[in-house]
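# Coordinate inspection notes
Single-letter residue listing:
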Amino acid sequence: MESQMEPQENISSKNETVALANKFITFKLADEEYGFEILRVREIIGLMDITRVPQTDPAVKGVINLRGKVNPVVDLRLVFGMSETVPTDQTVIVIVQLDLANQQKNMGVLVDRVLEVLNVDSADIEPPPDMGDFESTSRDFIMGVAKVGKRVVFLLDIARVLSRDSEPIES
Amino acid sequence: MLKNMKLAMKMGVGFGALIIITGIIGFMGWINVNALDSRVENADDANWMVKQSQEAQIAARNYMLTENDDDVQKAMALAAEFEKRVTKLDANLKDQADKETTEQTGKKMSGWLKSFSKYVALHHIKNEAEKGMVDSARAALDEVSHLLKDQNDKLNEQIRKGENITAIENRISKIQDANSLASLLLEARRHEKNYVLRNDKSYADKVDKLVKQAETLTKTLKSRFVDAANQKQADVVLLSIAKYNRHFDDFVKKNIEQERETQTMADHISELQNSALELRKGQKDKMQAQMSSAITTMIALAIGAIILGLVLATVISRAITVPVTKVTEAARLLAKGNVKQDIHIHQKDEVGQLADAFREMIQAQQQKSRVAREIADGNLNVSVDVLSADDVLGESMDTMRRAIENLVSDTIFLSEAAVKGELSTRVDPSRHQGDYRRIVVGVNGTLDAVIGPLNVAAEYVDNISKGTIPEKITAQYNGDFNKIKNNLNQCINAVNLLVSDSIMLADAAVAGKLGTRADAQKHQGDYRRIVEGVNKTLDAVIGPLNVAAEYVDKISKGQIPEKITTEYNGDFNAIRQNLNQCIAAINLLVSDAATLADAATNGKLDTRADVTKHQGDFGRIVDGVNRTLDAVIHPINEASTVLEKLADYDLTARVEGEYKGDHAKIKTALNSTAEVLHEAIAQVRQAVGQVSSAAQQISMSSQQVAEGASEQASSLEETTSSMEEMAGMTKQNADNTKQAQTLAEGTREAANKGSAEMNRMMQSMGQIKTAAERTAEIIKDINEIAFQTNLLALNAAVEAARAGAAGRGFAVVAEEVRNLAGRAKDAAQNTETLIKESVSLADGGEKISGEVNQNLLAMVESVEKVTNIISEITLASEEQARGIEQVNKAMVEMDTVTQRAAANSEESSSAAEELAGQSEELMAMVAKFRLNSHGSMGTDVPIRHTSVPIDDVKPKNNVRQTGSVSSASFAISDFADDPDFKEF
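Report on the accompanying structure. Keep in mind it's a predicted model, so treat the numbers as computed, not measured.

On to the overall build of chain A. Helix and strand counts for chain A come out as 4 helices and 11 strands. Counting across all 171 residues of chain A, residues that qualify as buried make up 42%. Considering only residue pairs separated by 6 or more positions, chain A has 52% of its internal contacts joining residues 24 or more positions apart. Just so you have it, chain A exposes about 9500 Å², and 51% of that area is on carbon and sulfur atoms.

Below is the structure:
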């Protein structure tokens, strides 16, 4: 809420390319803020009935029927090793558009709360923090860390998050 | 040889042998136990070795897991201690096989220690290799990322410059290769970590493969680079990868070596433990064998010792008991008197010496018995041999022989003296002892018995001839001695009879029994003639004496005889004249007595006889009669005087003289009569006084009663008025309670109304709450709408972003919509808060109104209770009024009674006054009598008039007391002539 005015300023002050490259949709998982490229977003919808699918990873909540198209839904909290999402009136599903093997595919992501469309200056983005020996391969999906005011937003490579076992597609 | 040994020696030999055998057994036992002890120690050491080696291994494992250097120190210390102890144990062991086993364990331990040291060293090398690996990998990655950045920058540059697509594609492929290189390196690291953690060789192989791929890729990349700086970067990457590869290979090698060492350590330890267990088992087996052999030896030795002991005991005891039995038999025979025997024992030990001594003793006994027989046969000249100073038997036999010799010589001396008539000759018994002395004393006694009676007879005859008649001989003698005694006693009897008759006659004459004579028949011979002469002399004296006695007898009986006229001679005539004179004197006395008696009969008490006419005691008789008359007349005179005084009211008069007998009785009777009279009058006086004072008191009390009654009457009046007041108050009370009841009713109605209002209010509150809840639902709808709007706005923003520059305006609109949605949500939230507040307030109001309603209901209840209480009070007040009326009635009755009591008390007061007047009169009467001052003081009670006030009693009391006494004395003189009084 407090940064509501920022994106407008950013939009008006930066040139188009940068603005395009640095627009992120942000959301909350537990107490942390995350974000990914806005161009990956297909749609944001409220929570609706999810049909469970047998024999799938626990992080996969099931599938939804969105205007005649069946989309799988993943609980991002479970993916990140947090506790399972407890549905509230703020819970939403973000439909992500993935380009897998030159083929487009939509996938729903369950988040606690969607925040805003955020413009970030590339100077405010830092590479993922070096944790030294505690480094883990599972943190490869963090592209960087955005500094917004006093807050910190983890910028995710959502494609990598949703296809962890496959090789990265692009740099 | 055994025969000639001393007893102590025999015993010593026997016991010595036993002690030596016991010592041998003990020594054997000690040796065996020592051997066992060392075995136990060895087995203990073997156990310890197992334990110690296990601890060392545990310490080593701990190090492998935790890499703590302290564990290395501990393992080393344990191993060092182990080796030290093994060396010590090795020195202790004797068996060659055991020694070898122990040495083997020592060697294993040192081998283990070596392996462990090597392991530790390898570990350090491995650590360093790991560090190198991390460093070089990081360096390679850093360089790759630099390269990537550089390439990206260049790509941007090219895009900006708008270079041809081939160049750009070339650049992109380079970037892709660099990316692949980075991920290859990262993958290699991941596998490396897996290898370190899981120790699986397949991971190492994967690392190798990846590293090789990376090297190839780097080389390819390098060849494609044109820029020297980029080539140099690729070189650095290559160098780092090579370094990494070297370190990793080193690490893998050391790791394999380390595993080998670990295996070696485990082998060493298990072998070591096996050896130690084997050693322990060997020690245990040996120990058991030693124990069983030791037990066998001990049993054999013990049995040998017992057999040897039995043999020695039998031999030694036989050597002592056989000769001792023989000597005992000989001693027993000797005790029974058998001296003709011999002992056949010839030994040199203590038993042999005993036998020799017995033999000597038997010889001495034989000699002594021969001498005794000689003495018994009368041969006193035999000599007795005294064997030593302590030979008591010999000395005694010699003494016996000499005593018998003395006795024989004394007997001969006595018999010779008796033949010569020297009867007083005796033998001295002190020269003899015991029964010998008794024989000599017996002979002396026999001589004394013969000579005693002869001497007594001679002494008696001598006494009789001298006139001293002795007592009869009472001693008993035998035979001829008794005849002599009887003759002597007869002579004594005859002389004694004569003497007693003479004495009897003399005594009778002295006693005046002149008729007494002695019986001459009792005597014989010349003794009889003496008695007859004495009797005749007595008959001549007694005749004249009898006449005189007859006259005197008559005079004494009052029959005065005529004068004696017969003539007597000598002294007998003087007796006759005296008798005549006596008769004349008595006749004169009789005539005087008759004269006095006649006068008394006629009341002439003054008549007296003439004393001078009589002589001696006759004169005294007449004088006595005169005085008797005087004594009889005096008390009668005093009694008449006293009676006269009593008649004069003087009750103090008494008979004062001292009289005896009947006169005393008269005096007592008279005095007690007066006393009783005095007492009675005094009591009367006292009673009168008391009656008077009682009357006074009655009068006073009556007055008080009258006053009390009037007081009571007035207080009754007061009480009555108070009661009336009370009745008024009670009535007022009842009125008040009625008012209160009315008020309470009003209160109850008001409270009921309040309660109904409250109920209505509560309903309204409930309605407010329901409305609020409905509003909350509407707000939820609004929230929902705001949320959906927000989503729509976001979606619009997304779409705007997709549209790029074309969507910029749309993005602004979307943002505005989103803001509106946010504001709608805020407003809904505010409203919700307000609604919630109002609902909670409504809740509170409902609760409070419920409580108020409760209170109102409680109030209604209390008011009802109050009403009830008030009606009860009203009832009570009415009852009270009734009670007061009854009390009033009772008061009126009480008043009547009080009036009556006042009247009665006045009557009794006047009666008491009357009584006082009468008692005063009585007092005046009694006062006439004169009484003892003592009695009047104690009993006198003041007499006063009833009209005298109580306050005046005391001052007048004294005056009246003195006055009453004086008036009493006057009264006696005044009433002296009163005829009534005289009668009294």
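More follows now that the structure is in view.
This next bit is on the overall build of chain B. Looking only at helices and strands, chain B features 19 helices and 0 strands. Taking all 984 residues of chain B together, the buried fraction comes to 32%. Counted over contacts in chain B with a minimum sequence separation of 6, partners at least 24 positions apart contribute 68%. Of the accessible surface of chain B, which amounts to about 62500 Å², a share of 57% is contributed by carbon and sulfur atoms.

As a further point, take the sheet that holds strand β10 (residues 142-148) of chain A. Pairing in this open sheet of 6 strands is mixed, and the strands run β8-β1-β2-β11-β10-β9 (chain A) from one edge to the other. In the strand order of this sheet, the two ends are held by β8 (113-119) and β9 (125-126) of chain A, each with one partner. The pairing of β9(A) with β10(A) spans 2 bridges and is classified as antiparallel. Looking across to β10(A), one finds that A:Glu126 is bridged to A:Val145. Most of the contacts of helix α15 (residues 661-803) of chain B go to β8(A), to which it runs at about 35°, and overall it touches β1 (23-29) and β8 of chain A.

This next bit is on a nonpolar patch on the surface. On the surface, B:Ile295, B:Ile299, B:Ile303, B:Ile307, B:Val311 and B:Val315 cluster together to form a nonpolar patch covering roughly 530 Å² of accessible area. With respect to the secondary-structure elements, B:Ile295 resides in helix α6 (residues 228-335).

Take unusual backbone geometry next. All names here are of chain A. A positive phi angle, near 55°, is found at Ala30, a position not held by glycine. Within the element layout of this structure, Ala30 appears in the loop between β1 and β2 (32-37). Look at Ala30 and you get partly exposed, because its relative accessible area is 32%. Phi angles above zero are rare outside glycine, and Arg67 is one such case at about 50°. With respect to the secondary-structure elements, Arg67 resides in the loop between β4 (60-66) and β5 (69-75).

What follows deals with the interface of chain A and chain B. Reports often express the size of an interface as the amount of accessible area lost when the parts come together. Facing 29 residues of chain A, the contacting portion of chain B comprises 21 residues. Between chain A and chain B, the buried area comes to about 2200 Å², and carbon and sulfur atoms account for 54% of it. Inspection of the chain A/chain B interface yields 0 salt bridges. Our count for the contact surface shared by chain A and chain B stands at 5 residue pairs in polar contact (both at pLDDT 80 or more). Elements with a minimum of two residues in the side of chain A that touches chain B: α1 (6-13), α2 (16-21), β1, β3 (41-46), β6 (92-100) and β8 of chain A. For the side of chain A that touches chain B, the element with the highest residue contribution is β3(A), accounting for 6 residues. Residues that form the side of chain A that touches chain B fall into these classes: 12 nonpolar, 9 polar and 8 charged.

Here we come to the sheet that holds strand β7 (residues 103-111) of chain A. Whether parallel or antiparallel, the strands of a sheet pair through hydrogen bonds between backbone atoms. Here we have 5 strands laid out as an open sheet, ordered β3-β6-β7-β5-β4 (chain A), and mixed in their pairing. The open sheet has two free edges, formed respectively by β3 and β4 of chain A, since each of these has just one partner strand. With direction set aside, neighbouring strand axes in the sheet form an average angle of 30°. As defined by bridge partners, β3(A) adjoins β6(A) across 5 bridges and the pair is classed as antiparallel. Residue pairing for β6(A): A:Ile45 is matched across the bridge by A:Ile93. Here α15(B) sits on the sheet in contact with β3 and β6 of chain A, set at roughly 175° to β3(A).

Residues and elements named next belong to chain B. Looking at the element boundaries, Ala457 is found in helix α9 (residues 434-465). Looking at Ala457, the relative accessible area reads 16%, which means it is buried. Expressed as a C-alpha distance, the spacing of Ala457 and Lys485, which sit 28 residues apart in the sequence, is 7.4 Å.

Residue and element names in this part refer to chain B. Running from N to C, helix α3 (residues 96-161) and α6 point in directions that differ by 160°, and their axes come no closer than 5 Å. Relative to α6, α3 is oriented roughly antiparallel. Considering the relative orientation of α3 and α6, their crossing is left-handed. Its residues assigned to classes, the contact of α3 with α6 shows 24 nonpolar, 22 polar and 15 charged.

Below, the discussion takes up the packing of aromatic side chains. A full pass over the atoms with the stated rule returns 12 aromatic pairs over all chains. Between A:Phe80 and A:Phe141 the ring centres are 5.3 Å apart and the planes differ by 10°, which places this aromatic pair in the stacked class. On the criterion of sequence distance, the pair formed by A:Phe80 in the loop between α3 (76-79) and β6 and A:Phe141 in the loop between β9 and β10 is long-range, its members being 61 residues apart. Judged by relative accessible area, A:Phe141 falls into the buried class, the value being 13%. Plain terms: the ring middles of B:Tyr63 and B:Phe116 are 6.1 Å apart, the flat faces sit at 85° to each other, and that makes the pair edge-to-face. With a gap of 53 residues between them, B:Tyr63 in helix α1 (residues 7-66) and B:Phe116 in helix α3 connect regions that are remote in the sequence.

Quick look at the nonpolar core now. Judged by nonpolar contacts, the single largest core of 37 residues is most densely connected at A:Ile44, A:Leu76, A:Phe80, A:Val161 and A:Leu162. Counting residues per element, this core draws most heavily on α15(B), which supplies 7 residues. Apart from the residues lying within four places of it in its own chain, the contact partners of A:Ile44 are A:Ile25, A:Val92, A:Ile93, A:Val94, A:Val114, B:Leu791, B:Leu794, B:Asn795 and B:Val798.

Residue and element names in this part refer to chain A. Here 3 bridges tie β5 to β7, and the two strands are oriented parallel to one another. Residue pairing in the sheet places Val73 in a bridge with Gly108 of β7. Where β6 lies against β7, 9 bridges are found, and the strand directions are antiparallel. Each residue of the ladder has a partner; that of Gln97, found in β7, is Asn106. Hairpin connection between β6 and β7: a loop of 2 residues separates the two successive antiparallel strands, and Ala101 in this loop has a positive phi of roughly 45°.

On to the pattern of salt bridges, then. Close approach of charged atoms allows side chains of opposite charge to pair. With the rule as written, the count across this model stands at 39 salt bridges over all chains. Taking the shortest distance from any N to any O, the salt bridge between B:Glu864 and B:Arg748 comes out at 3.2 Å. Here B:Arg748 lies in helix α15 and B:Glu864 lies in helix α16 (residues 808-926), a separation of 116 residues in the sequence. Using a relative accessible area of 36% as the deciding quantity, one classes B:Glu864 as partly exposed. Using a relative accessible area of 23% as the deciding quantity, one classes B:Arg748 as partly exposed. Taken together, the salt bridges that share partners define one network made up of A:Glu33, A:Glu116 and A:Arg151.

Looking now at the environment of B:Phe481. Residue and element names in this part refer to chain B. Tracing the backbone shows Phe481 in helix α10 (residues 480-510). Given the relative accessible area of 28%, Phe481 is considered partly exposed. When the C-alpha atoms of Phe481 and Ala457 are compared, they prove to be 8.9 Å apart, with 24 residues separating the residues in sequence.

Turning next to α6(B). All names here are of chain B. Its 108 residues place the ends of α6 155 Å apart at the C-alpha level, agreeing with the 160 Å of an ideal helix rising 1.5 Å per residue. Where α6 bends most, at Arg318, the angle is about 25°. Capping the start of α6 is the job of one residue whose side-chain oxygen sits 3.1 Å from the backbone nitrogen of Ala229: Asp227. Once α6 finishes, Gly337 follows within two positions and takes phi at roughly 100°, a positive value.

The next thing to look at is the side chain of B:Gln158. Residues and elements named next belong to chain B. Positionally, Gln158 belongs in helix α3. The class of Gln158 is buried, set by a relative accessible area of 9%. With residues up to four places along the chain from it excluded, the contact list for Gln158 reads Glu163, Ala167, Ile168 and Arg171.

Here α1(B) contains 60 residues, and its C-alpha end-to-end distance of 87 Å stays within 8% of the 88 Å for a straight helix at 1.5 Å per residue. Among the residues trailing α1(B), B:Glu67 stands out with phi positive, at a value near 60°.

Criteria and thresholds
Residues numbered from 1 in each chain as written. Chains lettered and ligands numbered in written order. Predicted model: local features only at pLDDT ≥ 70, side-chain atom pairs only at ≥ 80, totals over all residues. Heavy atoms only, no water. Helix = DSSP H or I, 4+ residues; strand = E, 2+ residues; numbered from the N terminus. Buried < 20%, exposed > 50% of the residue type's maximum accessible area, 1.4 Å probe, protein only. Contact = heavy atoms within 4.5 Å. Areas by Shrake-Rupley, 256 points an atom, 1.4 Å probe, with all protein chains shown as cover. Pairing = 2+ DSSP bridges. Axes fitted to C-alpha atoms, helices over the stretch in contact; angles between N-to-C directions. Patch = residues over 30% accessible without salt bridge, like charges linked within 9 Å, V, L, I, M, F, W, Y side chains within 5 Å. Salt bridge = Lys/Arg side-chain N within 4 Å of Asp/Glu carboxyl O. Buried area = accessible area lost by both parts, 1.4 Å probe. Polar contact = N/O pair within 3.5 Å; in protein donor to acceptor, adjacent residues only side chain to side chain. Nonpolar A, V, L, I, M, F, W, Y, C, P; charged D, E, K, R; others polar. Parallel < 35°, antiparallel > 145°, perpendicular 65-115°, else oblique. Left-handed = near helix turned anticlockwise from the far one by under 90°. Phe/Tyr/Trp six-rings, centres within 6.5 Å; stacked < 30°, edge-to-face > 60°. Core = buried A, V, L, I, M, F, W, Y, C linked by side-chain atoms within 4.5 Å. Expected span 1.5 Å × (residues − 1). Bend = angle between axes of the 7 residues up to and from the residue.

Function-wise, these values are silent; they only describe arrangement.
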